[in-house]
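# Overview (structure and organization)
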Amino acid sequence: MLTPVSVETGTDELLCHIDRRVAVITLNRPAARNALSDKLTPALRRMIAYCSTDNGIRAVLITGAGEAFCAGGDVKGMGDRSSTDELTFGQKVTRLIERQRTLTGALFEMRKPTVAALPGAAAGAGLSLALACDIRIAAEQAFVSTAYARIGLSGDYGIAWLLTRAVGAARARELMLLSDRVDAQRCETMGLFNRIVAADRLAEEAFMIALRLANGPAEAYGAMKDNLDEVQHLGFAASLDKEAERLVRSAQTEEHREAVRAFVEKRPAVFR
């Protein structure tokens, strides 16, 4: 078994290691429920960019240390606007747009499979972070809250789009406007969580799913994500056409040839 390799993130508020082609990223502010900070967030942006471009990484797993996934923005620091007081409204908007696109935007756009493992709360931008991943595995005590209404904010980091995509317009409006705490069982029923596991099994279960994805057909996964993303704005006929184009292209890859050989030889496929 290969020894996991640590990756320097620039701060102890974010940890990362590579284990058998899976990048495991851990938000590491357990005392603050892994709230996003001025140190953690830039490091997370860098790690998302790194994982997207490093060919040795085939899947990404994001989790939180301690009993929470991510509580979103650090509310205690929101009252201090000294760093932005001199910016114009337009400058503030431009800055936030760039920050959003390089965090949840970049995570959603990543063509590698992504998994979020939630040991506990995911709130506000933390919920956006989880929703930007392909698959969400949660501990039994995990819960979510959009939280924005509680602090008089309208939402950021793609929460409206991601939430509507996950649960539909009616549920998304309910969750945004009421900002209620939603327990794991209801999250699974609504489609926010893919599965729920015991807390002491979360890390192992989530990693095994990420490892399975890391050992799968990377090119085919990227094409699948393209197909799944486009159904949000394409009609059925256009979606059929795009699927045809990508299917023909994937049929010409070594991945496909290896998968067929493995099927005929009755053995697991090995994707290089």
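To keep things clear, this report deals only with the structure shown in the data block. What you see is a predicted model, and the numbers here were worked out from it, not measured in a lab. (Residues numbered from 1 in each chain as written. Predicted model: local features only at pLDDT ≥ 70, side-chain atom pairs only at ≥ 80, totals over all residues. Heavy atoms only, no water.)

### Considering the packing of aromatic side chains
The cut-off we apply is this: The pairing test for Phe, Tyr and Trp rings, Trp by its six-membered ring, is centres within 6.5 Å, and the orientation test on the planes gives stacked under 30 degrees, edge-to-face over 60, and tilted for anything in between. A run of H or I in DSSP counts as a helix once it spans at least four residues, and a run of E counts as a strand once it spans at least two, with each numbered from the N terminus. Here's how the labels work: a residue is buried when its accessible area is under 20% of the maximum for its type, exposed when over 50%, partly exposed in between, all with a 1.4 Å probe on protein chains only.
Scanning the entire structure with this criterion turns up one aromatic pair. Pairing Phe108 with Trp161 gives two aromatic rings, centres 5.3 Å apart and planes at 85°, and the pair type is edge-to-face. Taken together, the residues Phe108 in helix α2 (residues 89-109) and Trp161 in helix α4 (residues 159-167) connect sequence positions 53 residues apart. Residue classification places Phe108 among the buried positions, given a relative accessible area of 13%.

### Quick notes on helix α7 (residues 202-214)
Since the α-helix packs 3.6 residues into each turn, any two residues three or four apart lie on the same face. The condition that has to hold: For a helix, the expected span equals 1.5 Å multiplied by the residue count minus one.
Counted at 1.5 Å a residue, the expected span for α7 with its 13 residues is 18 Å, and the 18 Å between its end C-alpha atoms agrees. Residues of α7 that are buried include every one of Leu202, Ala206, Phe207, Ile209, Ala210, Leu211, Leu213 and Ala214, and no others.

### Points about the sheet that holds strand β9 (residues 143-145)
Working definition: the strands of a sheet are paired by backbone hydrogen bonds and lie parallel or antiparallel to each other. What counts, and what does not: In this description, strands pair whenever DSSP reports at least two bridges between them.
The strand order across the open sheet built from four strands is β5-β7-β9-β10, with neighbouring strands paired in mixed fashion. At either margin of the open sheet sits one strand with a lone partner, and together these are β5 (68-70) and β10 (182-183). Sheet analysis places β5 next to strand β7 (residues 121-123), joined by two bridges and oriented parallel. Bridging from a neighbouring strand, Cys70 pairs with Ala122 of β7.

### Side note on unusual backbone geometry
For Asn34, which is not glycine, the phi dihedral falls at a positive 60°. One can find Asn34 in the loop between β3 (22-27) and α1 (40-53). Look at Ala147: it is not a glycine, yet its phi comes out positive at around 70°. Mapping Ala147 onto the fold places it in the loop between β9 and α4.

### Some thoughts on the sheet that holds β3
Here is the rule we go by: Contacts: residue pairs with any heavy atoms within 4.5 Å of one another. All axes are obtained by fitting lines to C-alpha atoms, using only the stretch in contact for helices, and the reported angles, taken between N-to-C directions, cover 0 to 180 degrees.
With mixed pairing, seven strands are arranged side by side in an open sheet as β1-β2-β3-β4-β6-β8-β11. Edge positions in the sheet fall to β1 (5-6) and β11 (195-197), since each has one partner strand and no second. Helix-sheet contacts for α1 involve β2 (14-19), β3 and β4 (59-64), and the interaxial angle to β3 is about 170°.

### Quick word on the nonpolar core
Rule in force here: We call a set of buried Ala, Val, Leu, Ile, Met, Phe, Trp, Tyr and Cys residues a nonpolar core when their side-chain atoms join them within 4.5 Å.
In terms of nonpolar packing, the biggest core is built from 52 residues, with Ile25, Leu44, Phe69, Leu118, Leu192 and Phe193 touching the most fellow members. With six residues, the top contributor of residues to this core is α1. Excluding residues that lie within four positions of it along the chain, Leu192 makes contacts with Leu131, Arg136, Val144, Leu163, Ala166, Val167, Leu175 and Cys187. Counting residues in hydrophobic clusters, the runner-up holds 18 residues, among them Leu61, Ala139, Val197 and Phe207.

### Looking at the layout of surface pockets
Cut-off, in case you're wondering: Each cavity reported here is a set of points on a 1 Å grid over the protein atoms alone in which a 1.4 Å probe fits but cannot get out, each pocket an open set with protein on both sides within 12 Å along at least five of seven lines, and each lining residue one with an atom within 4 Å of a point. Grid points are joined across faces, edges and corners, and a volume is the space filled by probe spheres set on the points. Each residue is assigned to one class: nonpolar for Ala, Val, Leu, Ile, Met, Phe, Trp, Tyr, Cys and Pro, charged for Asp, Glu, Lys and Arg, and polar for all the others, Gly among them.
In this structure, the second largest pocket spans a volume of roughly 600 Å³. Considering every element that reaches the lining of the second largest pocket, the biggest residue donor is helix α8 (residues 218-230), with five residues. Across the lining of the second largest pocket, the residue classes break down as 14 nonpolar, three polar and eight charged.

### Let's talk about the pattern of salt bridges
How we decide: Salt-bridge detection follows one rule: a side-chain nitrogen of Lys or Arg within 4 Å of a carboxyl oxygen of Asp or Glu.
Overall, the coordinates contain 19 salt bridges when judged by the stated rule. Across the pair Arg111 and Asp226 runs a salt bridge, and its minimum N-O distance is 2.7 Å. Taken as a pair, Arg111 in the loop between α2 and β6 (114-118) and Asp226 in helix α8 lie far apart in primary sequence, 115 residues in all. When its relative accessible area of 25% is taken as the criterion, Arg111 is described as partly exposed. For Asp226, a relative accessible area of 25% corresponds to the partly exposed category. One continuous salt-bridge network, built from bridges that share partners, spans Arg111, Arg165, Asp226, Asp229, Glu230 and Arg246.

### Here's the deal with a nonpolar patch on the surface
Heads up, the condition is: A patch consists of residues exposed above 30% relative accessible area that lack any salt bridge, with like charges linked at up to 9 Å and nonpolar side chains (Val, Leu, Ile, Met, Phe, Trp, Tyr) linked at up to 5 Å. Each accessible area is a Shrake-Rupley estimate made with a 1.4 Å probe; only the visible protein chains count as cover when residues are assessed.
A surface patch of nonpolar side chains, amounting to about 240 Å² of accessible area, comprises Val75, Ile151 and Leu153. In this fold, Val75 is placed in the loop between β5 and α2.

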